[in-house]
Amino acid sequence: MEIFLDTSKVEEIEKWLNQGIIDGVTTNPSILLKDGSRDLKASAKKIASLIHPRPLSVEVCANDLKEMLRQGREFSSWLDNIVVKIPVINEYGTSCLGVVKELENSGIKVNCTACLSFGQALLAAKAGASYISLFAGRISDEGGDPADIVRKTKVWLDMWNYKSKIIVGSIRTIGDIQQTAAAGAHVLTIPPEFLSKLVDHKYTRFTVQQFVNDGKKALEAEVELVKVAQ
Ligand code: E4P
């Protein structure tokens, strides 16, 4: 399973890249706004270069399908590891699957995003999306079970040999991470603060503290023994 970082913060990307944890990065307009990135092209190029050849997802910001296509083509021209995020429908409910198909047919990788159901995920796969983003937190917000949708989608993709990879995004809890990973997601895109939580455990801290303290005591005792022997 791959782990992507769901952020545009360069220092966080460097931190987790240096630990060998991340296989890619995802962003969306809200993340860029929250992280203070105002120049999309400059931010995308910086992150894409930093993580190259790992993929960086950059989302189009439009409701018009032709404008989505235009933005998608432009973003992908910035660097060869940029994946274009196209929502499965626009805000008026119009299908964006034709945009997914057209970009993929021209060799541009698409992350079909904002999918909240098994039905949307299977249509994204049929349209040829390289990645399908299922939003765990937002599925739960509506009373759905993200792990169940991930499991069904994975079984279906394997059954019919689709190339699409499931990315689980919208992670709000450590439970989202563990349950959707166990359900067979190909990729989890995780906000940095949840990676910090995932690696931590208070009993591990206690255990390490015990070993460090006992190690120091053992070393002190050894030094005393050497002194006595001299
Ligand atoms: C990632 O690709 C998604 O855009 C992101 O995880 C959405 O998260 P949110 O539901 O917390 O906005």
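Computed from a predicted structure; not experimentally measured.

Our next topic: the overall build of the chain. Scanning the chain from N- to C-terminus turns up 11 helices and 8 strands. Burial analysis of the chain (230 residues in total) assigns 44% to the buried set. Relative to all contacts within the chain whose residues are 6 or more apart in sequence, the contacts with residues 24 or more apart total 60%. Working note: accessible area of the chain is about 12400 Å², and carbon and sulfur atoms make up 55% of it. Where the 28 positive side-chain charges of the chain centre and where its 28 negative ones centre are 2 Å apart.

Our focus in this paragraph is the pattern of salt bridges. This structure, assessed with the given rule, holds 12 salt bridges. Between K154 and D158 there is a salt bridge, with its nearest N and O atoms 2.7 Å apart. Taken as a pair, K154 and D158 lie in helix α8 (residues 146-159) at a separation of 4 residues, close to a single helical turn. Three or more residues joined by partner-sharing salt bridges are found here, namely E67, R70 and E74.

As a structural note, the neighbourhood of the ligand is formed by D6, T26, N28, K85, F135, R138, G169, S170, R172 and T189. A distance of 2.7 Å separates an oxygen atom of the ligand from a polar side-chain atom of K85. Considering the ligand on its own, with 340 Å² of exposed area, one finds that the protein chains cover 85% of that surface.

Next up on the list: the packing of aromatic side chains. Tallied over the entire structure, the rule returns 5 aromatic pairs. Taking 5.8 Å as the distance between ring centres and 10° as the angle between the ring planes, the aromatic pair formed by Y203 and F206 counts as stacked. Placement of the pair is Y203 and F206 together in helix α11 (residues 202-229), with a separation of 3 residues, close to one helical turn. Using a relative accessible area of 43% as the deciding quantity, one classes F206 as partly exposed. What links up through ring pairs into an aromatic cluster is the set F118, W156 and Y162.

Relative orientation of the contacting elements helix α1 (residues 10-17) and helix α3 (residues 40-51) amounts to 10°, with a least axis distance of 11 Å. Compared by their axis directions, α1 and α3 come out roughly parallel. When α1 is examined against α3, the residues V10, I13, E14 and L17 are found in contact with a partner set consisting of K46, I47, L50 and I51.

On to unusual backbone geometry, then. Between H52 and P53 the backbone carries a cis peptide bond, its omega angle lying at 5°. In this structure, P53 sits in the loop between α3 and β3 (56-59). In this structure, A114 is a non-glycine residue whose phi angle is positive, near 65°. Tracing the chain through its elements places A114 in strand β5 (residues 110-115). A relative accessible area of 31% means that A114 is categorised as partly exposed. Positive phi, normally seen in glycine, also occurs at N161, with a value near 60°.

In this section: the nonpolar core. Ranked by size, the top nonpolar core spans 56 residues in total, and within it I22, L56 and I86 carry the most contacts. For this core, the element with the most residues is α8, which contributes 5 residues. The contacts of I86, once residues within four sequence positions are left out, are V60, M68, C96, V99, V100, L103, V110, N111, C112 and T113.

Our focus in this paragraph is a nonpolar patch on the surface. A surface patch of nonpolar side chains, about 350 Å² in accessible area, is lined by V155, M159 and W160. Among the secondary structure elements, W160 is positioned in the loop between α8 and β7 (165-169).

For helix α6 (residues 118-126), the set of buried residues is Q120, A121, A124 and A125. Down the axis of α6, the buried side of the element spans an arc of 140°, and every buried residue falls inside it. Along its buried surface, α6 packs onto α5 (97-105), β5, β6 (131-135) and α8. Phi turns positive one or two residues past the end of α6, at G128, with a value near 100°.

Reading the values: rules and limits
- Residues numbered from 1 in each chain as written.
- Predicted model: local features only at pLDDT ≥ 70, side-chain atom pairs only at ≥ 80, totals over all residues.
- Heavy atoms only, no water.
- Helix = DSSP H or I, 4+ residues; strand = E, 2+ residues; numbered from the N terminus.
- Buried < 20%, exposed > 50% of the residue type's maximum accessible area, 1.4 Å probe, protein only.
- Contact = heavy atoms within 4.5 Å.
- Areas by Shrake-Rupley, 256 points an atom, 1.4 Å probe, with all protein chains shown as cover.
- Lys, Arg positive; Asp, Glu negative; His and termini not counted.
- Charge placed at Lys NZ, Arg CZ, Asp CG, Glu CD.
- Salt bridge = Lys/Arg side-chain N within 4 Å of Asp/Glu carboxyl O.
- Near = heavy atom within 4 Å.
- Polar contact = N/O pair within 3.5 Å; in protein donor to acceptor, adjacent residues only side chain to side chain.
- Phe/Tyr/Trp six-rings, centres within 6.5 Å; stacked < 30°, edge-to-face > 60°.
- Axes fitted to C-alpha atoms, helices over the stretch in contact; angles between N-to-C directions.
- Parallel < 35°, antiparallel > 145°, perpendicular 65-115°, else oblique.
- Core = buried A, V, L, I, M, F, W, Y, C linked by side-chain atoms within 4.5 Å.
- Patch = residues over 30% accessible without salt bridge, like charges linked within 9 Å, V, L, I, M, F, W, Y side chains within 5 Å.
- Arc of directions from axis to C-beta.

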